[in-house]
Amino acid sequence: MKYRKAIIAVIGFCLLTEFGCGSSEEKSSDLVVYKNQEAPIEDRVRDLLGRMTLEEKVYQLNQVAFGKHMTANNIGGEMAKVSPLIGSIIYVNQDPNLRNDLQKKAMEKSRLGIPIIFANDIIHGFKTIYPISLAQACSWNPELVEQACAMAAKESKVSGIDWTFSPMVDVARDPRWGRVAEGYGEDPYTNAVFSKASVKGYQGNDLADENSIAACLKHYVGYGASEGGQDYIYTEISKQTLWDTYLPSFEAGVNAGAATVMSGFNDISGVPASANYYTLTEILKEKWEMDGFVVSDWNSVKQLINQGVAGSDKEATLKAINAGVDMDMADRLYLDHISDLVKENKVSINRVDDAVSRVLKLKFQLGLFDKPYVPIIRENNRYLLPEYISTAEKLAEETMVLLKNSDNILPLDNKVSSLAVLGPMAKNQEDLLGSWSAYGDAKDVESIYKAIESEFVQSKIFYAQGCDFDGNDTSGYTEAINVARKAEVVVVCLGEKKSWSGENASRSTISLPKIQEDLLLKLSELGKPIVLLLSNGRPLDLSRLAPLSDGIIEMWQPGVIGGKPVAGILSGRINPSGKLAMTFPFSTGQIPIYYNMRKKARPTSGMYQDITKEPLYGFTHGLSYSNFKYGDLKSSKTNLRKDENLIIEIPVTNASNVDGADVVHWFVSDPVCSISRPNKELKFFEKKSIKAGKTEVFEFHLNPIRDLSFVDSSGNKILESGEYHISVDNKKIVINLLEE
Ligand code: BGC
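For clarity, every value in this text was computed on a predicted model and none was experimentally measured.

Caption draft 1: Expanded view of the overall build of the protein. On a plain count of helices and strands, the protein comes out with 21 helices and 27 strands. For a compact globule of 740 residues, the expected C-alpha radius of gyration is about 27 Å, and the protein comes in at 27 Å, within 12% of that figure. Summarising its shape, the C-alpha atoms of the protein cover approximately 80 × 65 × 60 Å along the three principal directions. Across the 740 residues in the protein, those meeting the buried criterion constitute 59%. Considering only contacts in the protein between residues 6 or more positions apart, those separated by 24 or more positions represent 77%. Of the roughly 29400 Å² of accessible surface on the protein, 49% is carried by carbon and sulfur atoms.

Given below as structure tokens:
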């Protein structure tokens, strides 16, 4: 039945569109190899490459942007500017018809009919916007993230996108850096797990599947090590740190089959990431045998001049292509210079052929040669489908972190007589989408205020904005205070505008502007119970806000689902299960602070005298309405050989009358090693639902070479015998790895 429907749909598409579906008369044996769907991809690539001129090859290595601000007046002119030979387009438009028109030009107006690959930044959704990636990590639910990415892929594909510039798997430890919103936090292992999950989600089991799009691991590598949290800046990364901190998430994504990698803007201790032969060729392509291609970041080839390693556009081109950048995004330098560089024997034709083969291979894998056009589906069947929305909702529910809950103020009784919902975020829709929100529309987002109104139908809900996100206008304070006076509980909605995080959005301080802090201060003087709801794209300094609040929920930027999940947490309809994937420092001055810092000479001293040595909320912090009690760790053995595996388990009891979900994080520490390792390192995590009053046993299947070894500064895994500590929460077990 399903099969019949599919055939009818294909016939329908062929009839309805001007795009042919290939003649059934043509026998595959009559076709040239590259056009023959039955031939192996390697043969098709080789055959096509053999037919291409140098000019045609060079075009394949270029990516230009197209689609912004299209009007009936300019569209013809803009289309005419695009060469039918172009390799790739950053398609910043939602219209699949326009995309098909461009594709038609490539297929029919170029000598060999090589399809274009269309790309865009689908970072946390296309039209159905999911929570930002940093929030997604706090769900500790990679399966759900994989599902969201698969749905984002579907929504993108029907809009004409074949390739997304996602996931960003840059480990990031400075919350002043705006791009922390786009990644999965401070820990290499966490980034690696979500790297794999999102690649699997976007690409599915087969790139040729009609719902799959190619993923792109970015920004290779070390971009998150930004000095002082500034963007586009130099990074100082030792080989040791490169290997143990910044490379693992990329290696995991490559092993998961990521089709492409984007080279970063940063300079890695003197050698820019987009001209770095060691990272791009020796590690990525040779050691890891990544057979996809590398695209530069936007203008990152030309920017080699700004970084001082190239004196001209031509020299920048030479450095980038010879280092291993296969496709040039935006700056068109490859187009202008590669042919000459080949003729001058500065770039070998083998290098060009290798780059072109990688690009063509992905086009074949995606099926673009055989089905270059996307079917045209009606808009209301394309976007915001019910299953997308319910995944977005579930994911948002799991990402939210209950940071504080004094005297169990939360959940609020459903029959609470009245709530004052205050603050600049209360009725805001736009900023709940977060940065890089593609085609997300604020109109589709439910505000916190609206969601609270629907959740607490029996209560009176009052509202006042109180103040804006920033500035000095305190004239709304009085109204907010008066409104708060009337209410039983005061819910204050503060946070960051979406433009305060993301690219080129670093901030010198991670506290909220004074105008927002002062609003909370004034409200707290009323002595009413205060619940603080925060929506932001980075960890914040809450040192002044936390003492003034009885309950705090970090709702991040939840995307299109808006206020509904947080309203559910307030009422108790949802039991929070999110836990921080990035430390909330006590204050900006405490940065850098992250859980896996290396061991230091004097462990308990040397910290800042004027503040606590602890972060305000550490990595994995997050409260629940259930009360989870941890039993003792039990190991199948305590002495083991290097080639033996081990199962360690811990029982977790839900000692409450509320069903909930808990995440168990398994850490390893190595007290004595030939290099100084971090205090502890996350090696595995698992999330499980635990019914009220029940116990679940969590297991860690420890594999010594994977979980106990360290990597040296050349990337070799080294496993030393001796004692290791395995811990969960405050429970610890010691195991001994025997000499061979
Ligand atoms: C960003 C990338 C992004 C690219 C294309 C760059 O400025 O750094 O993350 O994928 O633009 O939009």
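Next comes the rest of the description.
Caption draft 2: Region of interest: the packing of aromatic side chains. Going through the model one piece at a time under the given rule, you end up with 25 aromatic pairs. Between the aromatic rings of tryptophan 163 and phenylalanine 165, the centroid separation amounts to 5.3 Å while the plane-to-plane angle is 70°, which identifies the pairing as edge-to-face. Both rings, one in tyrosine 189 and one in phenylalanine 685, keep their centres 6.0 Å apart while their planes meet at 80°; by these two values the pair is edge-to-face. On the criterion of sequence distance, the pair formed by tyrosine 189 in helix α8 (residues 188–203) and phenylalanine 685 in strand β22 (residues 681–690) is long-range, its members being 496 residues apart. Relative accessible area serves as the criterion here: at 25%, tyrosine 189 is assigned to the partly exposed category.

Caption draft 3: How the structure looks around the pattern of salt bridges. By the definition in use, this model includes 45 salt bridges. Put simply, lysine 81 and glutamate 78 hold a salt bridge, and the shortest N to O gap is 2.9 Å. Taken together, the residues lysine 81 and glutamate 78, both in helix α4 (residues 75–81) and 3 residues apart, mark about one turn of the helix. On the basis of relative accessible area, lysine 81 is assigned to the exposed category, the value being 60%. Glutamate 78 sits in the partly exposed class, given a relative accessible area of 25%. Measuring nitrogen to oxygen at the nearest pair gives 3.2 Å for the salt bridge that ties arginine 598 to aspartate 244. With arginine 598 in the loop between α20 (564–571) and β17 (628–630) and aspartate 244 in helix α9 (residues 239–246), this pair connects stretches of sequence that are 354 residues apart. Of the residues examined, arginine 598 reaches a relative accessible area of 31% and is grouped as partly exposed. Overall, aspartate 244 belongs to the partly exposed group, its relative accessible area being 21%. Within the structure, one salt-bridge network assembled from shared partners comprises Lys285, Asp326, Arg351, Asp354 and Arg358.

Caption draft 4: Representation of empty space enclosed by the protein in the model. Within this structure, the stated rule accounts for 2 cavities of 30 Å³ or more. Residue classes in the lining of the largest cavity are distributed as 4 nonpolar, 3 polar and 1 charged. Put simply, the second largest cavity is a space of about 30 Å³. In terms of lining, the second largest cavity is formed by Arg173, Pro175, Glu186, Met582, Thr583, Pro585, Ile591, Pro592 and Ile593. Counted by class, the lining of the second largest cavity contains 6 nonpolar, 1 polar and 2 charged residues.

Caption draft 5: Inspection of the environment of asparagine 62 at higher detail. On the secondary structure map, asparagine 62 appears in strand β1 (residues 62–66). Separated by 73 residues in the primary sequence, asparagine 62 and alanine 135 place their C-alpha atoms 34 Å from one another. Not counting the four nearest positions on each side in its chain, asparagine 62 is found in contact with Ile86, Gly87, Ser88, Met327, Asp328, Arg332, Tyr334 and Leu335.

Caption draft 6: Quick peek at the environment of asparagine 266. Along the chain, asparagine 266 turns up in the loop between β6 (260–263) and β7 (267–268). On the basis of relative accessible area, asparagine 266 is assigned to the buried category, the value being 1%. Spatially, the C-alpha atom of asparagine 266 lies 9.0 Å from that of serine 300, the residues being 34 residues apart in sequence. Excluding its chain neighbours within four sequence positions, the residues that come into contact with asparagine 266 are Val221, Gly222, Tyr223, Ile233, Thr235, Pro272, Ala273 and Gln307. At a separation of 3.0 Å, a polar atom in the side chain of asparagine 266 contacts the main-chain carbonyl oxygen of valine 221.

Caption draft 7: Region of the structure containing helix α19 (residues 514–524). Along α19, the residues classified as buried are Ile515, Gln516, Glu517, Leu519, Leu520, Leu523 and Ser524. Where the residues of α19 are buried, they touch β12 (418–422), α18 (477–486), β14 (489–495) and β15 (530–535).

Caption draft 8: Fine view of the UniProt feature "domain: Fibronectin type III-like" (unreviewed entry) in the protein. UniProt annotation of "domain: Fibronectin type III-like" (unreviewed entry) refers to residues 662–732 when read in the numbering used here. A helix fraction of 6% and a strand fraction of 55% characterise residues 662–732, whose end C-alpha atoms lie 18 Å from each other.

Caption draft 9: Highlighting the nonpolar core. In this structure, Ile89, Trp163, Tyr220, Ile452, Leu533 and Leu570 are the most contacted members of the largest nonpolar core, which totals 204 residues. In contact with leucine 570, not counting residues within four places along its chain, are Leu410, Pro411, Leu412, Ile452, Phe456, Val491, Val531, Leu533, Ile553 and Tyr625. Ile648, Trp666, Leu708 and Leu719 belong to the second largest nonpolar core, which has 23 residues in total.

Caption draft 10: Representation of the site of the ligand. The ligand sits among Asp121, Phe165, Arg179, Lys218, His219, Met262, Phe265, Asp297, Trp298, Met329, Trp436 and Glu503. A distance of 2.5 Å separates an oxygen atom of the ligand from a polar side-chain atom of aspartate 121. Contact between the ligand and arginine 179: an oxygen atom at 2.7 Å from a side-chain N or O atom of the residue. Contact with the protein chains removes 92% of the 310 Å² of surface that the ligand exposes when unbound. For the shell around the ligand, the per-class residue count stands at 6 nonpolar, 1 polar and 5 charged.

Caption draft 11: Spatial organisation of unusual backbone geometry. The peptide bond linking tyrosine 220 to valine 221 adopts the cis configuration, its omega dihedral lying at -5°. Assignment of secondary structure puts valine 221 in the loop between β5 (216–220) and α9. Positive phi is not limited to glycine here, since serine 269 has a value of about 45°. Position of serine 269 among the secondary structure elements: in the loop between β7 and β8 (271–272). Non-glycine residue leucine 384 carries a positive phi angle of around 50°. Tracing the chain through its elements places leucine 384 in the loop between α15 (349–365) and α16 (386–399). On the basis of relative accessible area, leucine 384 is assigned to the partly exposed category, the value being 24%.

Calculation notes
- Residue positions are counted from 1 within each chain, in the order its sequence is given.
- Totals for whole chains, interfaces and linings use all residues, but because this is a predicted model, local features are given only for residues with pLDDT of at least 70 and pairs of side-chain atoms are given and counted only at 80 or more.
- Note: side-chain values were computed over all heavy atoms of the structure, leaving out hydrogens and water.
- Strands are runs of DSSP state E lasting at least 2 residues, helices are runs of H or I lasting at least 4, and numbering of each runs from the N terminus.
- Computation of the radius of gyration draws on C-alpha atoms alone. For the globule rule, the value is 2.2 Å times the number of residues to the power 0.38.
- Accessibility here uses a 1.4 Å probe with only protein chains present; expressed as a share of the type maximum, an area under 20% marks a residue as buried, one over 50% as exposed, and anything in between as partly exposed.
- Residue contacts are defined here by distance: any two heavy atoms, one from each residue, within 4.5 Å place the two residues in contact.
- Areas reported as accessible are Shrake-Rupley estimates using a 1.4 Å probe. Residue values count occlusion only from the protein chains shown.
- Note on aromatic pairs: the rings of Phe, Tyr and Trp (six-membered ring only in Trp) are paired at centre separations within 6.5 Å, and the planes decide the class, stacked below 30 degrees, edge-to-face beyond 60, tilted for the rest.
- Counted as salt bridges are all cases of a side-chain nitrogen of Lys or Arg within 4 Å of a carboxyl oxygen of Asp or Glu.
- A 1.4 Å probe that fits into a set of points on a 1 Å grid over the protein atoms alone but cannot get out defines a cavity; an open set with protein on both sides within 12 Å along at least five of seven lines defines a pocket, and lining residues are those with an atom within 4 Å of a point.
- Grid points are joined across faces, edges and corners, and a volume is the space filled by probe spheres set on the points.
- Under the convention adopted here, Pro, Cys and the residues Ala, Val, Leu, Ile, Met, Phe, Trp and Tyr are nonpolar, Asp, Glu, Lys and Arg are charged, and Gly plus all remaining residues are polar.
- The term polar contact refers here to a pair of N or O atoms within 3.5 Å; inside protein, the definition further demands a hydrogen-donor-capable atom paired with an acceptor-capable atom, and it admits residues adjacent in sequence only when both atoms are side-chain atoms.
- UniProt positions are given in the numbering used here, feature names are shortened, and annotations may be inferred rather than shown by experiment.
- Nonpolar cores were defined as sets of buried Ala, Val, Leu, Ile, Met, Phe, Trp, Tyr and Cys residues, with membership established by side-chain atoms within 4.5 Å.
- By convention in this text, a residue qualifies as near a molecule or strand provided that one of its non-hydrogen atoms is within 4 Å of it.

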